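Reading the structure
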Amino acid sequence: MKKEVYLLILILFAFLKEVNGIAISPAKYEFDFIPYLTQDLEVIVINTANHPINATLSFKGDLARYITHNISIVELNASGISKQRFVLKLPGKIDTPGEITISITAGEIIPETAGISIGTAVESHIQINVPYPEKYVAITFTAENANENEPANFLVRIKNKGIEKVNNLIAYLEILDDLKVIKKFKSNNYTLELNEGKDINFQLITSGLSPGNYLGKAYIIYDGITSKESMQEFKIGTQKVELKNYTSTLLFNQISKVLFSIASKWNSRIDKIYGNLILKKEGKQIQQVKTEESAVEPWGTVDLNTYIDASKLEPGVYQFELTLFYADKIQKFELPVTIEEPIQQIRKQPLNKILLIIIILIIILDIVWIFRRKRKEKKEISEIKDDLDF
């Protein structure tokens, strides 16, 4: 079983080798600060290439000096791994509160004629949560999109990161539309021990609210202290799509690809959407085709493609009538489209003829110049002979 797991890991890393030639695990360690905390840790350095490499391992950050290790160069066989151990020993006091990070960097060594350089590098992190003096509660806020007439969910996550117990905490949530508060929420009263966290949930009933973009604003008041506001946009969706862009020009005398870029305004997946396209001229139907079928993810965009045969159509302005079918909906669009003027070969001919005429004139002038020069030379020779005879 262990061999199978190991082989699976190697296959995974072989797949990733085009992204990086080196990897590191785990991605993160996290500790709450305790005076003189000591931790024996290790990272696994992985060679995702199919040839041996050497790598460096380095530690950076304000607390990196509290790392003890005997690591210089890590030698890795093809698709090999190496476990590297080190010790974290924190001091008795850290003056700076908050999240302090130590970066662990593994870098591939690239030999060069003038020395060595570091190629691909990856990082892991050690996060130390240093408590704030007196009372401090951290807050994060998450707002989820929803469909009309369905509940929208909100999460206020709090954690006591100070050095004192919190005795009285209330969370508040406001919903804004065009910067105007339209709904207010208030949580129960909570207490928080040191390093204790809580998730406080709110739910908005969207009945009566128009589809569109809204803003959620959350904050907390604890033991007389008001936190900073945390804000996040969210959407209330409707089962409708929007045409973002389309092919508005067709090529004369060709079969042209036509693309319609469709954006969903719905917070659920649309499993199937396709279009029926009619090309018209002054209201008269000329061609009718169907686009390919596709699915659209929540709030996603998809391109629906088809082809129009313009090989026998005259240049000019036409109309597209696009009918989209999705879920139990039918949505129509009337769109202008142009078939471009043909590129006349006759337009190219004058330029070609002018060039040909210029070349012929140059040749004629050369011939005339050569002929006149020879005549002049003959005349000069004749005059010299007459002088000599005289």
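Residues numbered from 1 in each chain as written. Predicted model: local features only at pLDDT ≥ 70, side-chain atom pairs only at ≥ 80, totals over all residues. Heavy atoms only, no water.

Looking only at helices and strands, one finds two helices and 28 strands in the protein chain. When each of the 390 residues of the protein chain is scored for burial, the buried share is 37%. Of the contacts formed within the protein chain by residues at least 6 apart in sequence, a portion of 65% connects residues at least 24 apart. Total accessible area on the protein chain stands at roughly 24600 Å², and carbon and sulfur atoms take up 53% of it. (Helix = DSSP H or I, 4+ residues; strand = E, 2+ residues; numbered from the N terminus. Buried < 20%, exposed > 50% of the residue type's maximum accessible area, 1.4 Å probe, protein only. Contact = heavy atoms within 4.5 Å. Areas by Shrake-Rupley, 256 points an atom, 1.4 Å probe, with all protein chains shown as cover.)

Glancing now at the sheet that holds strand S7 (residues 81-89). Strand order in the open sheet formed by four strands is S1-S3-S7-S5, and the pairing between neighbours is antiparallel. Each edge of the open sheet is held by one strand with a lone partner, namely strand S1 (22-25) and strand S5 (67-68). Where S5 lies against S7, two bridges are found, and the strand directions are antiparallel. The partner of Ile 67 across the bridge, within S7, is Leu 88. (Pairing = 2+ DSSP bridges.)

Residue position: Lys 161 is located in the loop between strand S12 (151-160) and strand S13 (166-177). Apart from residues no more than four positions distant in its own chain, Lys 161 is found in contact with Glu 99, Val 130, Pro 131, Tyr 132, Tyr 136 and Ala 138.

Burial runs high along strand S22 (residues 255-264): seven of the 10 residues are buried. In this sheet, S22 lies alongside strand S20 (residues 241-246) in antiparallel orientation, the contact comprising five bridges. The residue bridging Glu 242 from the neighbouring strand is Ala 263, located in S22. Bridge count between S22 and strand S26 (residues 301-309): nine bridges; the pairing is antiparallel. Each bridged residue has a counterpart across the sheet, and for Phe 260 the counterpart in S26 is Leu 304.

A word on the sheet that holds S26. Reading across the sheet, the three strands line up as S20-S22-S26 and stay open at both edges, with antiparallel pairing between neighbours. Only two strands of the sheet have a single neighbouring strand rather than two, namely S20 and S26. Pairwise comparison of adjacent strand axes, ignoring direction, gives a mean angle of 30 degrees for this sheet. (Axes fitted to C-alpha atoms, helices over the stretch in contact; angles between N-to-C directions.)

All right, on to the packing of aromatic side chains then. Two measures describe an aromatic ring pair: the distance that separates the ring centres and the angle between the ring planes. Per the stated rule, a full pass over the model turns up 11 aromatic pairs. Between Phe 185 and Phe 202 the ring centres are 6.0 Å apart and the planes differ by 50 degrees, which places this aromatic pair in the tilted class. Taken together, the positions of Phe 185 in strand S14 (residues 180-186) and Phe 202 in strand S16 (residues 197-205) put the pair 17 residues apart, joining distant regions of the chain. Owing to a relative accessible area of 21%, Phe 185 belongs among the partly exposed residues under this scheme. Taken together, the ring pairs in this structure connect Phe 141, Phe 154, Tyr 214 and Phe 234 into an aromatic cluster. For Lys 281, the ring lying beneath its charged end belongs to Tyr 318, and the centroid distance is 4.6 Å. Sitting above the plane of the Tyr 274 ring, Lys 290 keeps its charged end 4.6 Å from the centroid. (Phe/Tyr/Trp six-rings, centres within 6.5 Å; stacked < 30°, edge-to-face > 60°. Lys NZ or Arg CZ within 6 Å of the ring centre and 35° of its normal.)

A few words now on the nonpolar core. Formed by 31 residues in total, the largest nonpolar core has its most connected members in Leu 88, Ile 126 and Ile 128. Contributing elements (two or more residues each) for this core: S1, strand S2 (28-32), strand S3 (38-47), strand S4 (53-60), strand S6 (73-76), S7, strand S8 (98-112) and strand S9 (115-130). Those residues within four positions of Ile 126 in sequence are excluded, and the remaining contacts are Tyr 29, Phe 31, Leu 41, Ile 67, Phe 86, Leu 88, Ile 100, Thr 101, Ile 102 and Ile 104. Counting 28 residues, the second-largest nonpolar core is a separate cluster that includes Ile 273, Leu 304, Phe 333 and Leu 335. (Core = buried A, V, L, I, M, F, W, Y, C linked by side-chain atoms within 4.5 Å.)

Averaged over the protein chain, the pLDDT score is 88; the fraction of residues at 70 or greater is 86%. Mean pLDDT values for the elements of the protein chain range from 42 in helix H1 (residues 2-16) up to 98 in S13. Counting interchain partners and residues more than four positions distant, the pLDDT-below-50 stretch residues 1-19 has eight contacts. Predicted confidence is poor over residues 345-349, with pLDDT under 50, and the contacts of this stretch with residues over four places away or in other chains come to two contacts. (pLDDT = per-residue confidence, 0-100.)

Counting buried positions along strand S10 (residues 137-143) yields five of seven residues, so the element is predominantly enclosed. In the sheet, S10 pairs with S12 via seven bridges, with the strands oriented antiparallel. Within S12, the residue paired with Val 137 across the bridge is Asn 160.

Position of Gly 21 among the secondary structure elements: in the loop between H1 and S1. Judged by relative accessible area, Gly 21 falls into the buried class, the value being 12%. For the pair formed by Gly 21 and Asn 50, sequence separation is 29 residues and the distance between their alpha carbons is 9.0 Å. The residues touching Gly 21, leaving out its near neighbours within four places in the chain, are Ile 46, Asn 47, Thr 48, Ala 49, Ile 53, Glu 108 and Thr 120.

This part covers the pattern of salt bridges. With the rule as written, the count across this model stands at 18 salt bridges. Ionic pairing is found between Lys 135 and Asp 223, a salt bridge with its closest N-O pair at 2.5 Å. Of this pair, Lys 135 sits in the loop between S9 and S10 while Asp 223 sits in the loop between strand S17 (212-222) and strand S18 (225-226); the two residues are 88 residues apart in sequence, bridging distant segments of the chain. Judged by relative accessible area, which is 22%, Lys 135 ranks as partly exposed. The exposure class of Asp 223 is partly exposed, given its relative accessible area of 26%. A salt bridge links Glu 196 to Lys 198; its shortest N-O distance comes to 3.6 Å. (Salt bridge = Lys/Arg side-chain N within 4 Å of Asp/Glu carboxyl O.)

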